[in-house]
Every structure is written in C-alpha cells, then in structure tokens.
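Coordinate analysis (summary)
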2 protein chains.
Amino acid sequence: MSRLNLTTQRKTILDLIQSCDDHPTAAEIMERLRMNGHQFAYGTVYNSLRYLTDAGLIRELKLGETASRYDGRTEDHYHIVCTKCGRVDEVLSAPPAEWIREVAAKTNYDVHHSQVVFEGVCYSCKHPKA
Amino acid sequence: MSRLNLTTQRKTILDLIQSCDDHPTAAEIMERLRMNGHQFAYGTVYNSLRYLTDAGLIRELKLGETASRYDGRTEDHYHIVCTKCGRVDEVLSAPPAEWIREVAAKTNYDVHHSQVVFEGVCYSCKHPKA
DNA sequence: AATAGTATTTAGACTTAGTATAAATTTAAT
DNA sequence: ATTAAATTTATACTAAGTCTAAATACTATT
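Residues numbered from 1 in each chain as written. Chains lettered and ligands numbered in written order. Predicted model: local features only at pLDDT ≥ 70, side-chain atom pairs only at ≥ 80, totals over all residues. Heavy atoms only, no water.

**What to know about the overall build of chain A**
Helix and strand counts for chain A stand at five helices and five strands. When the helices and strands of chain A are read in sequence order from the N terminus, they spell out α-α-α-β-β-β-β-α-β-α. On the principal axes, the C-alpha backbone points of chain A span a range of 55 × 50 × 20 Å. By the burial criterion, 38% of the 130 residues in chain A qualify as buried. For chain A, contacts bridging at least 24 residues in sequence account for 50% of all contacts bridging at least 6. Each charge sign in chain A was given a centre, from 16 positive and 17 negative side chains, and these centres are 3 Å apart. (Helix = DSSP H or I, 4+ residues; strand = E, 2+ residues; numbered from the N terminus. Buried < 20%, exposed > 50% of the residue type's maximum accessible area, 1.4 Å probe, protein only. Contact = heavy atoms within 4.5 Å. Lys, Arg positive; Asp, Glu negative; His and termini not counted. Charge placed at Lys NZ, Arg CZ, Asp CG, Glu CD.)

If you want it as structure tokens, here you go:
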C-alpha cells in the first residue's frame, strides 16, 4: 500500500461520487462525467473506481444487480432495495454483534465482514398518490 | 403461476443441483451435465435455472462474484464465503427479528427479505496443515 | 388417430459489464 | 534534461447471460 495518488481523473470521479446522494453504476458515472464536460476513457473510469475502492475512499456495492454501484459514504452501513421502483436507501443499523458471534461459532469461520441487502417496498411505493 | 411443468431437461438439472453439496454456477452445471453424458443447449440451462428458481425448487445465490450460484436447499438460510479459498458454507441462523423491525422502522420500508453474505476465513484456512 | 395450438428446446447472434494490452502521455526522481 | 515508473487512452477481448427464430415436443379437442 503506497501513498495516495489522486490524479486529475481520479479526483474528478471521487468528487462526483461524493457529491451525489445516490449510488451510481460505472455506466451512470460515465454518463454524468460526459454531462459535466469530461470525457475519460472507458478503462480509466473502471481503473479509477477500483483504485478509489482499494484506497477506501469509496465503496463498491454489489446489490445483486448486473452492475456494481458506488457509494461515497465509507462508514460501515448496509442497503435496502425497493423491489417495485429499484430505489436504494441506506441502512445504518448494524447487525447485532451477538448474531455475528453465533454465526462465527457455528460455522467455525473468523467472520471479518458482512454484506447485507434488504429487499422490500419503499414508502412511496406503499403510498402511491392517486 | 400455472402448474409445474418439469420437462426432462429441467428434471435432470434439478436432480443435479439437489444431489450436489456445493453451490455450482451455470457454467459448472453445464460442465457436470456434459460429464454425465447430457448435452443441453446453453439457453436451456439458463432457462431451466430460472424456471426452477421461479418455481421455488432451487435458489439463486448472488454472492458478489461475477456469476450466480445455485443451491438445492430452499429453506431460508444465508451464506459465508472464505476470502482465502473461495469456499461457500451455509449459515442457518437467521438475523434477529428485532433487528429487522428496527430497519423497517428507520427506513420506512416493508422489509420482505434479506440477503446476507458473510466474509471471513474458514477453519481449514485458519489451520493449514504444515 | 389427426389436427391445431401452446410450450420448450436448440443454435447462434447479440448485449452488458468489465478486463487486458500496447502505445502514448503524464508524473516523479535523479 | 533524462530516465524510469505510473497512468491514461483506445481498442480488443472475455464472461455471463439474454434474445430470437426455427425446429421439436407436448396437450387438448374432435
């Protein structure tokens, strides 16, 4: 792990991800870059996303869709996906430590990390206006 | 939802998945079919996997890898992946209901389902022989 | 049993998301 | 200024899966 090297491209992509409040895919990120007047090579975007993820500046979300999404919030948190409209929201409560201990004991694993994706129906989809 | 239509191909694939104790990908399933002397079209395997999943006879696992895996155990359960060797084990303890209620309350979602993938190091990788 | 209609399988083209590579460019270090 | 290392670019390629149209199989009705 060498020191952080934020090139112009990486910085631009980091800024974009940190300043949006959703969880764009690589394709969406490229589209937004283009809309902001930038034009980076395909591979640069993927390279930057990996670099920023490895550096811990952003998070890659694998929510079971075909494409990864990226999240500028790096605190430990989880996600909930609306099965009606596809919207993704943050979940800030962590799984109870007691449960994790139980899983570790039963499986004989050292548990380092857990990915949790909830699925359900969001407020707007539950209460459609008209 | 019409009545179950298990064609020869679908039955063969279902049997294969139910009789193995790991979680094969579509590619692995095709390879095993071929080794057993079957030769189904590419699309048929995917079609069958979807059909069987929709019918609730098998489960599709999205563990954050590039390919889905399939599981013959249909009871509600979760998975733990070894980050060293890639091995996947079953996790039978469910997340505490209290936690799910809390998530539902905080996010304003009706929570229907949760996918949980633990990551850690399995017993064999913790205790390598020699 | 023959016919018509529906569903499934097959083969292969196509799509999507992402990786790999080689040349060109930029950055850093002497 | 020169060399070396890292990064970007353009483009080819791969992996996983979907789509489509023709061929085949199954079902229901007479």
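Picking up after the structure, the text goes on.
**Section: the relation of the copies chain A and chain B**
Aligned on chain B, chain A shows an RMSD of 0.1 Å; the corresponding rotation is 180 degrees and the shift along the axis is 0.0 Å. Here the two chains are linked by the operation of a two-fold rotation axis. Residues of chain A ranked by C-alpha distance from the rotation axis are headed by Val116(A), positioned 2.3 Å from it. With an isologous cut-off of 70% or more, the 100% of interface residues of chain A that recur at the interface of chain B puts this contact in the isologous class. (Least-squares fit on C-alpha atoms with pLDDT ≥ 70 in both.)

**With respect to the environment of Cys82(B)**
Considering the arrangement of structural elements, one finds Cys82(B) in strand E3 (residues 78–82). Separated by 43 residues in the primary sequence, Cys82(B) and Cys125(B) have C-alpha atoms spaced 8.3 Å apart. Every residue in contact with Cys82(B), bar those within four places of it in the chain, is listed here: Tyr109(A), Arg87(B), Gly120(B), Val121(B), Cys122(B) and Cys125(B).

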